[in-house]
Amino acid sequence: MKYPFADVEKKWQKTWEDNKTYKTDLTDLEKKLYTLVMFIYPSGSKLHIGHWYNYAPTDSWARYKKMRGFNVFEPMGYDAFGLPAENYAIKTGIHPQDSTVTNIDDIREQLKTMGCMYDWDAELMTCVPEYYKWNQWLFIQLYKKGLAYRKNAPVNWCPSCQTVLANEQVQSDGTCERCDTMVERKNLTQWFFKITNYADELLDGLKTIDWPDKTKLMQENWIGKSFGTEVKFGVDGYKDKEIRVFTTRPDTLFGVTYVVLAPELDLVQELTTDENKKAVAEYIESIKSLSEIERTSTVKEKTGVPTGAYAINPVNDEKIPIWIADYALANYGTGSVMAVPGHDDRDFEFAAKFNLPIRKVIFEKGSDADVELTEAYTAPGTMVNSEQFNEMDSIECKSKITDWLSENDNGEKKINYRLRDWLISRQRYWGTPIPIVYCDTCGEVTVPEEELPVELPYEVDFKHDGGSPLEGNAEFLNATCPKCGGAAKRDVDTMDTFMDSSWYYLRYLNPKFSDGMFDTKLGDDWTPVDMYVGGAEHATMHLLYARFIHKFLRDIGMVNSDEPFKRLIHQGTITNNGAKMSKSKGNVVNPGSFIDEYGSDVFRMYLMFMGPYELGGDWSDKGIVGVDRFVQRAYSLFENNKDLSKTVAAPSKFDMEKLTEIEKSVYQLVNKTLSKFEVEIENYRFNTAVATLMELNNGLKELPNCSNEIQLFASERFITMLAPLAPHMAEECWSILGNEKGLFDNPIWFEIDESALVQDSVTIIVQVNGKVRAKFDLPRDSEEATVKETAWNEEKVKAHTDGKTVVKEIYVKNKIYNIVVR
RNA sequence: GCCCAGAUGGUGGAAUUGGUAGACACGUUGGACUUAAAAUCCAAUGACCAUUGCGGUCGUGCGGGUUCAAGUCCCGCUCUGGGUACCA
């Protein structure tokens, strides 16, 4: 009979639900395991193949752990705030709250058809006051510790829409996606969290977590710790002003021939001479629409203008011109750069273009120090034109010059980070209101904790001109100052949604908890999360913010661990015709028709079989029939063994001596498969795990010719391995076999008979000059002399070595015998 | 631009430490079953050359290198994907 997936899946989903099979007892800490997949963003599109690809294998891993006796906690929830719902509202007039709730209800129903082990009692969503209240509480704790502060920062501003745009809403040519107007950069006062205070700890913590190397490397580079020197340049004609620059190359200080300031720095306005004011203003205007990526591109034509002011190089008191150029960024380092055209590629190009002097202060050992530079020399070498440091090694001079600067109060050793503080203000509606009011007398005042949450009002004009939508709601905007009771205004911005996702894993443990942000007892017991799965696109932002917040929570005594996620896996992206699936591109593949045709188990197993989980790939349904055939064959295998476990009992080990040849090979294959399967699943290599089971299935063709005991032995093990990958089918087969209790209600995992894994004979490959010429089987661990003799007796070996001199012979035990001839 | 990945038959992919390249599937071809088709089962299937048979050469994006031996290590590229701080 064909495997009746539709009935089977419905039946077991109901059984699981009735038995509360997947309700996790969080008080049971023995063999506890917290496995978490990044929560779902409830956009308008339904669950697509990408979601299935993310959740199904993750669930299979969790099920494998459950089968092995772990108390598994696997929750699911909704990352419900965010920009797309708001844009959808602007387009359609449907309020974000209404569309989000509808979407979540749809998605929940679809999630349930997947048949995952989610503990639905732990479900959460971020857009409800019970959740976002604690974002506000967290904000206030950060504020109290001096880790939340306001400063000016640029936003994308569309002068025509009179609104702030997300980077995503700016098209590649720098125009607004709604009206094609050129987008400008505009400064606004916004809230920041001092993640930079944790830079070193975020760096060091990477060594303690089991994350992909590439992710740790990306975070390391993102934090970008560099050791260098801060040098103070004087400003000609201003006794009270100085320009501080950070450099990793203090050895080139004598080669500085000009200084570059970021055009946005206030100092620029102060220093620019009258005759240069017009050019400077025009230049600043001309770069208003450039993105940081464009500005810092090393292939772009260099631009800049002189300010007319001069800096004084502290090492030689030389007067050098001060320029402004777009490649200097106000938010990196000090916003000022010392230019050494002789020894920096970008400076060389800039100097060549604007006829600024290029001076050689380092030359390659052994070369002529007087030869003019035709390109920047960036390698270390010998010092020249550097007064008392001449003829020294440039690397040694780094610290020598820094020390000398320190002694004269002209600079000091400095560590610089590429990491910037976390800007959390968003000029948007659909997010957590910032719990701050502004009072004319008291200034910025936090909302008292007992008054939280500051509720997000429903009534709002999303297209409010000039900035944040909340500003247009007078009832929300006008508040009384908690300090003096006078009139005050609320902060009308909302928080970055990364705030929501920075601690949700703690809230899952008890989403209804009302006495605090989360149940700290459960937090201590269940975090760090044992396994976290999500896209690699989160490598540097979400995953860094969550680590930061976790460390902060530790510092205020809320959690007792240093890191939120012990182990991390990234699933790959499933594309369609090479493009990421998205509703806007209209290339979303709906899994529905596949579920109808093959069932949820086959579909999930096919997704796992497609390729390496971390790689993803382009969607194609070409191979799904192969998985379906496998399932049909496996099903008929068990169907033929109805009630077998009621009639026979299989020992957990067999004496191989007493088995027939066929039985022995089946017995060995089953054990070998178990051994391989465990390693593959453990490491999220589902494609090879499925392949291993297919091999087992192919190898079980002789099963009817085995004793009932062997048949039961093989069937039980096959079904338990199938259970994580095809849970409904496995339950069904387990019950066909005659078991009364469900697999996941009474998880079971079988021991491997190690003695069955040992191969008695091995295949030796004989190579001549690295090419395979013969192969033969010998007993494992045969003497080298025996191998050599057998190898030389091979006709082909003789033929390929005949008349040649043997140079050497290499034997790799149990593997290869290589003869090198000339 | 910068940071991080990836590239293997007609297709998806496999290959712990460098040690038989192509597991497992899809597809294709041939066969069995059938009045026929579907389904199922069996066999073959990297390319090229040779062939009655034995066999041989090439082959893991491109160009170099290290090694007895390279998909795997090193150097230099190309293309594709992710991120680049307001998509999440």
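The model shown is predicted, which means the values in this text are computed figures rather than measured ones. Per chain, residue numbering runs from 1 following the sequence as it is written. Chains and ligands are labelled sequentially in the order written, the chains with letters from A and the ligands with numbers from 1. Local features are withheld for residues below a pLDDT of 70 in this predicted model, meaning they are given only at 70 or higher, and side-chain atom pairs are given and counted only at 80 or more; totals for whole chains, interfaces and linings count all residues. The basis for every side-chain value is the complete set of heavy atoms in the structure, and neither hydrogens nor water enter the calculation.

Novice: I keep staring at the sheet that holds strand β26 (residues 573–576) and nothing clicks. Help me out?
Specialist: Sheet strands pair via backbone hydrogen bonds, and the direction of the pair is either parallel or antiparallel. Strands were regarded as paired on the criterion that DSSP finds at least two bridges between them. Counting from the N terminus, the helices are the DSSP runs of H or I reaching at least four residues and the strands are the DSSP runs of E reaching at least two. The three strands lie next to each other as β27-β26-β28, forming an open sheet whose pairing is mixed. Every interior strand has two partners, whereas the edge strands, β27 (579–580) and β28 (616–618), have only one. When β26 meets β28, the two strands line up parallel, connected through three bridges. When the sheet's bridge partners are listed, isoleucine 574 is paired in β28 with glycine 617.

Novice: How should I be thinking about the pairing of strand β32 (residues 816–821) in this particular structure?
Specialist: The pairing of strand β29 (residues 761–768) with β32 spans four bridges and is classified as parallel. Each residue of the ladder has a partner; that of valine 768, found in β32, is isoleucine 819. Across six bridges, strand β31 (residues 806–812) lies against β32 in antiparallel orientation. Looking at β32, one finds that valine 806 is bridged to valine 821. Between the antiparallel neighbours β31 and β32 lie three residues, among them asparagine 814 with a positive phi of about 65°.

Novice: Is there a simple way to explain helix α3 (residues 83–92) in this structure?
Specialist: An α-helix turns once per 3.6 residues; consequently, residues spaced three or four apart project the same way. Listing the buried residues of α3 in full gives Leu83, Ala85, Glu86 and Ala89. Buried residues of α3, seen end-on, are gathered within an arc of 165° and therefore sit on one face of the element. Considering only its buried residues, α3 is in contact with α4 (96–114). Looking at the residues trailing α3, positive phi occurs at glycine 93, about 85°. Throughout, exposure labels follow a simple rule: accessible area from a 1.4 Å probe, protein chains only, divided by the maximum for the residue type, with under 20% read as buried, over 50% as exposed, and the rest as partly exposed. What the arc covers is the set of directions going from the helix axis to the C-beta atoms. It only takes one pair of heavy atoms within 4.5 Å for two residues to be counted as in contact.

Novice: What exactly am I supposed to notice about the packing of aromatic side chains here?
Specialist: Two descriptors summarise a pair of aromatic rings, namely the distance from one centre to the other and the angle between the planes of the rings. In this analysis, rings of Phe, Tyr and Trp, with Trp reduced to its six-membered ring, are considered paired at centre separations within 6.5 Å, and the interplanar angle assigns stacked below 30 degrees, edge-to-face beyond 60, and tilted for intermediate values. One pass over the full model with this rule turns up 53 aromatic pairs. With a centroid separation of 5.8 Å and 80° between ring planes, the pair formed by tyrosine 327 and phenylalanine 350 is classed as edge-to-face. Linking tyrosine 327 in the loop between β12 (318–324) and β13 (336–339) with phenylalanine 350 in helix α11 (residues 345–354), this pair joins segments that are 23 residues apart in sequence. Exposure class is identical for tyrosine 327 and phenylalanine 350. Each is buried. Among the aromatic side chains, those forming a connected cluster through ring pairs are Phe139, Tyr143, Trp191, Phe193, Tyr198, Trp422, Phe498, Tyr545 and Phe548. Sitting over the face of the ring of phenylalanine 70, lysine 31 holds its NZ or CZ atom 4.5 Å from the ring centroid. A ring is scored as having a charge over it whenever the NZ atom of a lysine or the CZ atom of an arginine sits within 6 Å of its centre and within 35 degrees of its normal.

Novice: What is the right way to look at the protein's contact with RNA strand B in this model?
Specialist: Residues are classed as near a molecule or strand on a simple rule: at least one heavy atom within 4 Å of it. Close to RNA strand B lie 67 residues, the nearest being Asp79, Asn167, Arg428, Arg629 and Asn698. In the interface set of RNA strand B, defined as its atoms within 4 Å of the protein, sugar plus phosphate atoms amount to 68%. By the criterion applied in these results, polar contacts are pairs of N or O atoms within 3.5 Å in which, for protein atoms, one can donate a hydrogen and the other can accept it, and in which residues neighboring in sequence qualify only through two side-chain atoms. The side chain of asparagine 698 places a nitrogen or oxygen atom 2.5 Å from a phosphate oxygen of RNA strand B. Broken down by element, the residue count for the surface near RNA strand B peaks at six residues, all from helix α22 (residues 686–699). The residue makeup of the surface near RNA strand B, split by class, is 28 nonpolar, 19 polar and 20 charged. Ten residue types, Ala, Val, Leu, Ile, Met, Phe, Trp, Tyr, Cys and Pro, are classed as nonpolar, four, Asp, Glu, Lys and Arg, as charged, and the remainder, Gly among them, as polar.

Novice: Would you mind going over the sheet that holds strand β17 (residues 422–423) with me for this structure?
Specialist: In spatial order, the strands read β6-β5-β7-β17; together these four strands make up an open sheet with antiparallel pairing. Looking at the sheet topology across the chains shown, the edges are occupied by β6 (163–165) and β17. Relative to strand β7 (residues 184–193), strand β5 (residues 148–158) runs antiparallel, the two being bridged by 10 bridges. Bridge pairing in β7 places tryptophan 157 opposite glutamate 184.

Novice: Looking at this structure, how should I read the side chain of glutamate 74?
Specialist: Within the fold, glutamate 74 resides in the loop between β2 (71–73) and β3 (77–78). Although buried, glutamate 74 forms no salt bridge, and the nearest oppositely charged side chain, arginine 63, lies 6.3 Å from it. Excluding its chain neighbours within four sequence positions, the residues that come into contact with glutamate 74 are Thr35, Thr58, Asp59, Ala62, Met117, Tyr118 and Asp119. By the counting rule applied here, Lys and Arg register as positive and Asp and Glu as negative, while His and the ends of each chain are not counted. Within this document, salt bridges are pairs made up of a side-chain nitrogen of Lys or Arg and a carboxyl oxygen of Asp or Glu, the two lying within 4 Å of each other.

Novice: Explain empty space enclosed by the protein here, please?
Specialist: To find leftover empty space, one rolls a probe the size of a water molecule over the atoms. Here a cavity denotes grid points, spaced 1 Å and computed from the protein atoms alone, that fit a 1.4 Å probe unable to get out, and a pocket denotes an open set having protein on both sides within 12 Å along at least 5 of 7 lines; residues with an atom within 4 Å of a point are the lining. Grid points are joined across faces, edges and corners, and a volume is the space filled by probe spheres set on the points. Taken as a whole and judged by the stated rule, the model has one cavity of 30 Å³ or more. In this structure, the largest cavity spans a volume of roughly 40 Å³. The wall of the largest cavity is formed by Arg295, Ser297, Lys300, Glu301, Lys302, Thr303, Asp326, Tyr327 and Arg346. For the lining of the largest cavity, the per-class residue count stands at one nonpolar, two polar and six charged.

Novice: It is not clear to me how the pattern of salt bridges should be interpreted in this structure. Could you clarify?
Specialist: According to the stated counting rule, one finds 54 salt bridges in the structure shown. Aspartate 496 is the partner of arginine 426 in a salt bridge, and the nearest nitrogen-oxygen pair spans 3.1 Å. One end of the pair, arginine 426, is in strand β18 (residues 425–426); the other, aspartate 496, is in the loop between β23 (494–495) and α14 (504–507), and 70 residues separate them in sequence. We classify aspartate 496 as buried; its relative accessible area is 6%. Salt-bridge contacts for lysine 642 lead to aspartate 643; the nearest nitrogen and oxygen are separated by 4.0 Å. Here lysine 642 falls in the exposed class, since its relative accessible area comes to 59%. Judged by its relative accessible area of 26%, aspartate 643 falls in the partly exposed class. Connected through shared salt-bridge partners, Glu201, Arg547, Lys551, Arg554, Asp555, Asp562 and Glu563 make up one network.

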